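# What the coordinates show
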Amino acid sequence: MMEISDLDLNIWRGDATGGDIVSYRVPVREGMVVLDAVLWVQSNLAADLAVRWNCKAAKCGSCSAEINGFPRLMCKTPIAEYEGTVSVRPMKAFPVVKDLVTDVSWNYEVNKEIPPFTPSEQDMTSSEPWRMQQKDVERSMEFRKCIECFLCQDVCHVLRNHDAKSVFYGPRFMIRIAGLEMHPRDTLDRRPLLKGKAGAGYCNITKCCTEVCPEHIKITDNAIIPLKERMDDVYFDPVRAALRRLGGGKKNRTDA
Amino acid sequence: MSGPTYETVETDVLVLGAGGAGLRGAIAAAEAGARVLVVCKSLLGKAHTVMAEGGVAAAMHNVAYQDTWEVHFADTIKGGKLLNDWRMAELHAKESPERVLELERWGAVFDRTWQGRIHQRPFGAHTYPRLAHIGDRTGLELLRTLQDRAVHTSGVGVHMEVTVVRLLKADGRVAGALAYRRSDGSLILYRCASLLLATGGTGRMYRVTSNSWESTGDGTALAYDAGAQLRDMEMMQFHPTGMVWPAGVRGILVTEGVRGEGGVLRNKDGERFMERYDHERMELSSRDIVARAINSEVNAGRGSPHGGVFLDITHRRPEFIKSKLPSMYEQFLKLAKVDITKQPMEVAPTIHYAMGGVRVDPETGASTVPGLFAAGEVAAGLHGANRLGGNSLSDLLVFGKRAGEGAASAAKSNPAAATAKLDSKEIDGAVAALMAPLERPAGENPYRLQLEIQEAMTKHAPIVRDGAGLEAGLDAILELRRRAGACGTGGSDSIAFNPGWHTATDLHSMLVNAEALLRSALERRESRGAHARSDFPKVDDAFGAINFIVEETPQGMVVKAEKRAPMPGYLADAVQHSYARYTPEEME
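Position numbers for residues start from 1 in each chain and track the written sequence from start to end. The order in which chains are written sets their letters, starting at A; the order in which ligands are written sets their numbers, starting at 1. Note on the predicted model: pLDDT of at least 70 is required for a residue's local features to be given, and 80 or more for side-chain atom pairs to be given and counted; whole-chain, interface and lining totals, by contrast, use all residues.

## Observations concerning the overall build of chain B
Our working definition: Helix and strand definitions follow DSSP, with helices as H or I runs of at least four residues and strands as E runs of at least two, each counted in order from the N terminus. Put plainly, a residue is buried at 20 or more neighbouring C-beta atoms within 10 Å of its own, exposed at 12 or fewer, and partly exposed in between, counting only other residues' C-beta atoms, which are placed from the backbone.
A count of helical and extended segments in chain B gives 17 helices and 20 strands. Seen through its C-alpha atoms, chain B measures out along the principal axes to roughly 75 × 50 × 50 Å. The buried share of chain B, reckoned over its 588 residues, is 62%.

Now the structure itself:
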């Protein structure tokens, strides 16, 4: 293939103790994406350059990074979109391990805390296959497209600027909860979790997460806002609040 | 003893790999009462299973009422050109519907029929519409469902970004494994009572592949080094449709679902050339036939501008394409600037799947070494000489469960294995081999060697092979093995997330797989399924009853022919039977 020109690729190199931008000159080929350029550097100039990648087709969500300041998948970002220098840094919301690799283990801990899909006893034991209509499963499907690239977590100012991981699960897990809550056969009520440890109230709807989602999931409009509404309906409706004070709370909810 | 120290971690069942087979196996083993530890090379949820797009094959007859396990069995055996382990094919066809429904009960959300049942789409060489799917991201849904199930199953632990380099035995049983953490290079000695290999495929030994960096054939190599037999190693599937342009995306998978939903293949003259190769099934012929047809068209000068052919689905409504093939639409728009609702795609064959692998017992997934089990792509038998699309996801569900149960049962009956004395010299030797590249950082560049392996396999074991080429390939691979013995890290002696070192440690697996492929391919002097030879272009019935078995001997790697037991009458009848053709009244 024809080489078009050279690219100045700036890559942040370093670890938890610190680091700096290192510049590499990369021959650009037609249709090249940022990940190609980074892997070219790894094969030819810096064998120990740490980077995560797997499918190279925007399906696994491994190669998340900040490209010229914007959180993106490197495998899905053509070099041709940029003029001049391209700079690649690791995601800022997570601790750096080395170079472009960050420690995203917190996300896996959060996932464990979310009570899993729970159908009714009858649904679970019945030998009859379930009947569900396409339009009923479509809402849940949108959220299940998530490839766990964690770019939404990276851009979320609650996590990024305030490092409030102890009080807010972040957009990724709002849609995880939404996918479960909107599954036609799920029976759990996760609203106490949303109000409590998941911290749905911390989202103030700036929609940055929706903007960076490579799967184009309408995280804020279709997941977080409806979840907030469900939660508010129980906890912040003044009439209900008065009734609750008189009658006591509902059972059967997940605890935060 | 000086040298690096290691942490010891003990469990009942050690599972290598966190794709569909590994996770399904882990869940099954934990449900059987075992403590399970899953070890994976990448982060959890990134396994190659996410790349499975089209669907999972199961004779649920939700769309075609005529479908039964017998038809699915017959399709699998015919597609595999009779080389399959017939018992595996029988179990697979019978059990896959229940495994799919079980997945739904665990929260997977499939596309529906108008009656609200799980929808099933047509696919290559399946007689009836049979693939349960979620748009074109079935693998992701399957993996995420299993991932959530596994992390919420008590007794299942996960170690992410850990690479296993050697299996360790005590008293002839597999009883442990040596591994390193990618993040900081620290060593782990796993102790276990049984071990399940679910490490996936080996496509990375080719230049143009749909596989990720991980698919270096670790499981087959680990099993081979531990003395296990491998089977059908010559059978490597080219998926007919990978992207060809731009260069950076060459090889990325274009789902067979495009053809399942009505996509047609044309050459540069606009001819629907499959007419000449498989008049009856056309684009939905088996993968080996479609891949070779495309190869022939390109070689005859009838290819597209970038060396492929055209795959066209523009006759479908744009909304239909976007709902049934959303990630293909996105993939081409973003990476190739092609709108597939308006323009045809350019596609060519890409290395996709290893039918061969570790020889296993159909019922339990046990290998020929006690305490060692295998399931999924790393295991051999189900697919014979050619895998049908959709049969890999059902494979990993059916045999992941069986092998998980097999491993749990073996662990239960041999609890002492996890504490039996290991050979300390063997461990020291394995540690020394693992660390060696770090001691000669300026040795040969591992990326260079990896590239040369890929180039040798691409050149000498291509879609149509010949004896002289295979011999030359074997010479090249043996020479590369010698050079890999003195491989460095590409410059750095750091053990902290050093991909140069990681790449060096993967070379051994790639070389074992490459050698086994070439040696087996030389022995099979015929053309059958994915194995085509220009010097033996015909199917030879004498080879039809034979599988080639690879194992290590004191003289090195040997390949031996083994005659397969004939299938029982009721299965032979199922294959012979002529099934009514499916005529869809309404496709959308």
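Moving on from the model shown.
## Comments concerning the overall build of chain A
Within chain A, the regular secondary structure consists of eleven helices and seven strands. Projected onto its principal axes, the C-alpha coordinates of chain A cover approximately 70 × 45 × 25 Å. Out of the 256 residues in chain A, the part that is buried amounts to 46%.

## As for the sheet that holds strand β19 (residues 546-553) of chain B
Residue and element names in this part refer to chain B. Selection criterion: At least two bridges found by DSSP between two strands are what make those strands a pair.
The four strands are arranged β17-β12-β19-β20 in an open sheet whose pairing can be described as antiparallel. Each end of this open sheet is capped by a strand with a single partner; those strands are β17 (357-358) and β20 (556-563). Of the strand pairs in this sheet, strand β12 (residues 230-231) and β19 are connected by two bridges, and their pairing is antiparallel. Looking at the pairing, Arg 231 lines up with Ile 549 of β19.

## What about the packing of helix α13 (residues 446-460) of chain B against helix α15 (residues 499-523) of chain B?
Axis angle and axis distance: for two packed helices, these are the angle between their axes and the distance between the axes, and together they describe the pair. All names here are of chain B. Note the cut-off: Only C-alpha atoms enter the line fits that serve as axes; for helices the fit covers just the stretch in contact. Angles between N-to-C directions range over 0 to 180 degrees. In these notes the angle categories are as follows: under 35 degrees is roughly parallel, over 145 is roughly antiparallel, 65 to 115 is roughly perpendicular, and the rest is oblique. Crossing chirality is assigned from the near helix's rotation relative to the far helix, an anticlockwise turn below a right angle marking it left-handed and a clockwise turn marking it right-handed. Contacts are defined on C-beta atoms placed from the backbone: any two residues whose C-beta positions lie within 7 Å are in contact. Just so you know the grouping, Ala, Val, Leu, Ile, Met, Phe, Trp, Tyr, Cys and Pro go in nonpolar, Asp, Glu, Lys and Arg go in charged, and all remaining residues, Gly too, go in polar.
Viewed as axis vectors pointing N to C, α13 and α15 meet at an angle of 25°, and their least axial separation amounts to 9 Å. Between α13 and α15, the angle is such that the two are roughly parallel. Between α13 and α15 lies a crossing whose hand is left-handed. For the pair α13 and α15, the contacting residues are Pro 446, Tyr 447, Leu 449, Gln 450, Ile 453 and Met 457 in the first and Gly 500, Thr 503, Ala 504, Leu 507, Met 510, Leu 511 and Ala 514 in the second. Here the contact of α13 with α15 is built from residues that sort into ten nonpolar, three polar and no charged.

## Concerning the interface of chain A and chain B
If you look at the interface, chain A gives 48 residues, while chain B gives 52 residues. Mapped onto the side of chain A that touches chain B, the elements with two or more residues apiece are α1 (34-44), β6 (96-98), α2 (105-113) and α4 (134-144) of chain A. In the side of chain A that touches chain B, the residues fall into 24 nonpolar, ten polar and 14 charged.

## Things to note about helix α10 (residues 219-235) of chain A
Residue and element names in this part refer to chain A. This is how the line gets drawn: Expected helix span is given by 1.5 Å per residue-to-residue step, counting one fewer step than there are residues.
For α10, built from 17 residues, the straight-helix expectation of 24 Å at 1.5 Å per residue is met to within 8% by its first-to-last C-alpha distance of 22 Å. Of all the residues in α10, the buried ones are Ile 219, Thr 220, Ala 223, Ile 224 and Leu 227. Structurally, α10 contributes buried residues whose contacts are with α4, α5 (151-155), α7 (171-181), α8 (191-195) and α9 (208-212).

## Structural notes on the domain arrangement of chain B
Residue and element names in this part refer to chain B. Basically, it comes down to this: What fixes the domain bounds is an automatic or database domain assignment.
Partitioning chain B into structural domains gives domain 1 (6-236 + 353-419), domain 2 (243-350) and domain 3 (427-558). Taking only C-alpha atoms into account, the centre of domain 1 sits 23 Å from that of domain 3. When contributions to the side of domain 1 that touches domain 3 are tallied by element, the ones reaching two or more residues are β8 (162-170), β9 (173-181), β10 (187-191), α5 (218-225) and β12. Split into classes, the residues belonging to the side of domain 1 that touches domain 3 amount to 19 nonpolar, twelve polar and eleven charged.

## Observations concerning the pairing of β20(B)
In summary, the side chains of a regular strand alternate between the two faces of the sheet. Residue and element names in this part refer to chain B. With respect to burial, β20 is a largely exposed element, only zero of its eight residues being buried. As paired elements, β19 and β20 share eight bridges and run antiparallel to each other. Following the sheet pairing, Glu 552 is matched in β20 by Met 557. The turn linking β19 back onto β20 is made up of two residues.

## Digging into the sheet that holds strand β18 (residues 372-374) of chain B
All names here are of chain B. Read from one edge to the other, the open sheet built from five strands follows the order β7-β3-β2-β11-β18, with strand pairing classed as parallel. In this open sheet, the two edge strands, each paired with only one partner strand, are β7 (156-159) and β18. Sheet twist, expressed as the average angle between the axes of neighbouring strands with direction ignored, equals 20°. Looking at chain direction, strand β2 (residues 13-16) and strand β3 (residues 36-39) are connected through four bridges and run parallel. Paired with Val 15 across the bridge in β3 is Val 38.

## Things to note about the environment of B:Gly491
Within the secondary structure, B:Gly491 is located in the loop between α14 (467-484) and α15. Sequence separation between B:Gly491 and B:Asn445 is 46 residues, and the spatial gap between their C-alpha atoms is 8.0 Å. Beyond its immediate chain neighbours, meaning those up to four positions away, B:Gly491 contacts A:Ala47, A:Asp48, B:Pro441 and B:Gly500.

## With respect to the pairing of strand β5 (residues 86-89) of chain A
Residues and elements named next belong to chain A. Judged by which residues are buried, β5 turns out to be one-sided: Val 86 and Val 88 face inward and are buried, whereas Ser 87 and Arg 89, on the alternate face, are not. Note that strand β3 (residues 64-67) and β5 share two bridges and pair antiparallel. Paired with Ile 67 across the two strands is Val 88, which belongs to β5.

## Regarding the nonpolar core
The test is simple: Think of a nonpolar core as buried Ala, Val, Leu, Ile, Met, Phe, Trp, Tyr and Cys residues, each tied to the set through C-beta atoms within 7 Å.
Counting residues in hydrophobic clusters, the biggest one holds 261 residues, and the most contacted among them are A:Met174, B:Val13, B:Val15, B:Val38, B:Leu195 and B:Leu197. For this core, the leading source of residues is α15(B), giving eleven residues. When residues no more than four places from it in sequence are discounted, the contact partners of B:Val15 are B:Gly22, B:Gly25, B:Ala26, B:Val36, B:Leu37, B:Val38, B:Val39, B:Leu196 and B:Ala198.

## Overview of the domain arrangement of chain A
Residue and element names in this part refer to chain A. As assigned here, chain A comprises domain 1 (3-102) and domain 2 (105-247). Taking the mean C-alpha position of each, domain 1 and domain 2 sit 31 Å from one another. Taken together, the contact between domain 1 and domain 2 spans eleven residues of the former and twelve residues of the latter. Residues that form the side of domain 1 that touches domain 2 fall into these classes: six nonpolar, two polar and three charged.

## Remarks on the environment of B:Arg402
Here B:Arg402 shows up in helix α11 (residues 391-413). The sequence separation of B:Arg402 and B:Ala21 amounts to 381 residues, and the corresponding C-alpha distance is 9.9 Å.

## Quick word on the environment of A:Thr77
All names here are of chain A. Within the element layout of this structure, Thr 77 appears in the loop between β4 (70-73) and β5. For the pair Thr 77 and Leu 35, spaced 42 residues apart in sequence, the C-alpha separation works out to 7.9 Å. Beyond its immediate stretch of four places on either side in the chain, Thr 77 contacts Val 33, Val 34, Ile 67 and Arg 72.

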